[in-house]
Amino acid sequence: MKLCRKAERLVAEYGGGTYRFGPGALGHLGRFARELGRKALVVGNRGHLEDVFRVLERELAAHGVEIAGGAIVPGARANTPIGDAARIRDALLEQEPDLVVAVGGGSTIDAVKAAAAWAAVGGDLGCLFGTGEVSRALQAVGGQLVPMLAVQTAAGSGAHLTKYANVTLPETGQKKLIVDVAIVPARAVFDYDETRTVSVDVSVDGALDSMSHLLEVYYGIGVQGRPRAEQLVRVGLPLILRSAPRLAADPADSTVRTELGLAADLGAVAIMIGGTSGPHLTSFSLVNLTSHGRACAILSPYFTAFFAPAIEPQLRVVADIFAAHGRLDPSACRLSGRALGLAVAEAMLRFLASLQVPTSLKGLPGFDYAYIEQALAAAADPQLQMKLQNMPVPFSTEDVEKYMRPILMAAAEGDLTKVPL
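Heads up: these notes are all about the structure in this document.

## Considering the pattern of salt bridges
So, step 1. Tallied over the full model, the rule gives 20 salt bridges.
So, step 2. For Glu13, the salt bridge goes to Arg9, with nearest N and O atoms at 3.3 Å. Here the residue Glu13 and the residue Arg9 both occupy positions in helix 1 (residues 2-15), the gap between them amounting to four residues, near one helical turn.
So, step 3. By relative accessible area, Glu13 is classed as exposed at 54%.
So, step 4. A cluster of three or more residues bridged by salt bridges with shared partners is formed by Arg46, Glu50, Asp51, Arg54 and Glu57.

## Some details on the sheet that holds strand 2 (residues 39-44)
So, step 1. The parallel open sheet is built from six strands, whose spatial order is 1-9-6-4-2-3. The outermost strands of the open sheet, each flanked by one partner alone, are strand 1 (19-21) and strand 3 (66-67).
So, step 2. Inspection of the sheet shows strand 1 paired to strand 9 (residues 187-190) by three bridges, in the parallel sense. Residue pairing across strands places Arg20 opposite Val189, the latter belonging to strand 9.
So, step 3. Packed on one face of the sheet, helix 5 (residues 106-121) meets strand 2, strand 4 (99-104) and strand 6 (148-152) and runs near 170° to strand 6.

## Thoughts on the environment of Arg226
So, step 1. Inspection of the secondary structure assignment puts Arg226 in helix 8 (residues 226-243).
So, step 2. Considered as a pair, Arg226 and Ile273 are 47 residues apart in the sequence and their alpha carbons are 9.7 Å apart.
So, step 3. The residues touching Arg226, leaving out its near neighbours within four places in the chain, are Tyr218, Ile221 and Gln314.

## Topic: the sheet that holds strand 7 (residues 164-169)
So, step 1. Read from one edge of the open sheet, three strands run 5-8-7, paired in mixed fashion. Across the chains shown, the open sheet's two edge strands, defined by having one partner strand only, are strand 5 (130-131) and strand 7.
So, step 2. Inspection of the sheet shows strand 5 paired to strand 8 (residues 174-179) by two bridges, in the parallel sense. The residue of strand 8 that forms the bridge with Thr131 is Val179.

## A look at the environment of Pro238
So, step 1. Here Pro238 is to be found in helix 8.
So, step 2. Along the primary structure Pro238 and Val318 are separated by 80 residues, whereas in three dimensions their C-alpha atoms are 9.8 Å apart.
So, step 3. Leave out the neighbours within four places in its chain, and Pro238 touches Leu3, Val233, Ile321 and His325.

## Considerations on the pairing of strand 7
So, step 1. With six of its six residues buried, strand 7 lies for the most part within the structure.
So, step 2. The alternating pattern of strand 7 places Tyr164, Asn166 and Thr168 on one face and Ala165, Val167 and Leu169 on the opposite face, and all of these are buried.
So, step 3. As paired strands, strand 7 and strand 8 are joined by six bridges and run antiparallel to one another. Pairing of Asn166 across the sheet is with Leu177, part of strand 8.
So, step 4. Where strand 7 folds back onto strand 8 in an antiparallel hairpin, the turn is made up of four residues, including Gly173, whose phi is positive at roughly 65°.

## Brief notes about the packing of aromatic side chains
So, step 1. This structure, assessed with the given rule, holds nine aromatic pairs.
So, step 2. Geometrically, the ring pair formed by Phe395 and Tyr403 is tilted, given 5.9 Å between the ring centres and 40° between the ring planes.
So, step 3. Of the residues examined, Phe395 reaches a relative accessible area of 1% and is grouped as buried.
So, step 4. Given the relative accessible area of 22%, Tyr403 is considered partly exposed.
So, step 5. Ring-pair connections join several aromatic residues into one group, and the members of that group are Phe303, Phe306, Phe307, Phe395 and Tyr403.
So, step 6. Above the ring of Trp118, the side-chain terminus of Arg89 is found at 4.1 Å from the ring centroid.
So, step 7. Sitting over the ring of Phe32, Arg187 keeps its end group 5.9 Å from the ring centre.

Procedures and definitions
Residues numbered from 1 in each chain as written. Predicted model: local features only at pLDDT ≥ 70, side-chain atom pairs only at ≥ 80, totals over all residues. Heavy atoms only, no water. Salt bridge = Lys/Arg side-chain N within 4 Å of Asp/Glu carboxyl O. Helix = DSSP H or I, 4+ residues; strand = E, 2+ residues; numbered from the N terminus. Buried < 20%, exposed > 50% of the residue type's maximum accessible area, 1.4 Å probe, protein only. Pairing = 2+ DSSP bridges. Contact = heavy atoms within 4.5 Å. Axes fitted to C-alpha atoms, helices over the stretch in contact; angles between N-to-C directions. Phe/Tyr/Trp six-rings, centres within 6.5 Å; stacked < 30°, edge-to-face > 60°. Lys NZ or Arg CZ within 6 Å of the ring centre and 35° of its normal.

Taken by themselves, the reported measurements are silent on function.
Spelled out as structure tokens, the structure:
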């Protein structure tokens, strides 16, 4: 409980008065919506979220907020296909609401973020991919986004708190990224207990996504930001290590769901103070192969081994945490450089195996080396340049072939010894 209280304090400090989380969070929906307007476009897939929608509808009515069009607009499918963002954009343009309420996990919230930006500036959504393009476009057209109330229902992406929106182009199987403070939801709520109906596989994927957020930011953040990133890792990583393995035993365990929800929120705070890098960048090319969280988690040990000489202080902290949770021999904490990186990477792989997650890309059904070629091509995309620069060892596009190819080949084979020096 002490760890949870630390997590709650860190999340509350970040969210301030615009975010409510934990038990009773849904009770703030009506007030938050009314603060943003009187006419709300509500977007989401009811399915297993019927209880959430009932509370939402009751809260909106009690606070005098009408549902635009009198009906719920369906949310997005997994990985936010661009067609779903276009459909939601059309609903925004047709209904002209005061606010938009996005109910669901990262895919639906990302779709609404993209749709709101697209509706505000028009044109081709492709022009908004990259960093800061939404703000530039808004300034050019003199527009503004419809404010968003995000109702998160799955732990992992942190979409309800962040400036990121991932959109997939189905024709290429490539995920593209919008990064802009303009798309951060104006208000957000997350009752962690609502994740109890999320499947174990999806929940594990979310936990792994949270872990990737925490570690990638911690590895790559500058010296000034490192103390705060370390604080997030020291709280969030233990929550994941102790709770993710307990999901299968009792998916409805409220304590497990709370701890993973808090870890996800800490991961969201992390990616708002720093950036993700190699594993996330590569995962954008694997949407047709596996989930985002799983892709990041499989790749992370191999990038960890590569970055090791540049991140030794961070690795000592991570090693201590893995050792404290029985995932690493304590003697390994005394290693240094490459040896320490390999020890931590091996501990990460053992953790994946304990969750029944593959430890190599080859272990994913349907893997083909064409995915590596796609990832390497995507790494040279200027719209994803920020991921190369976020690495502890910043890459130029010229470094992609020299270093990233052998890293990805090592991940494909499941062989840490093939990670380049």
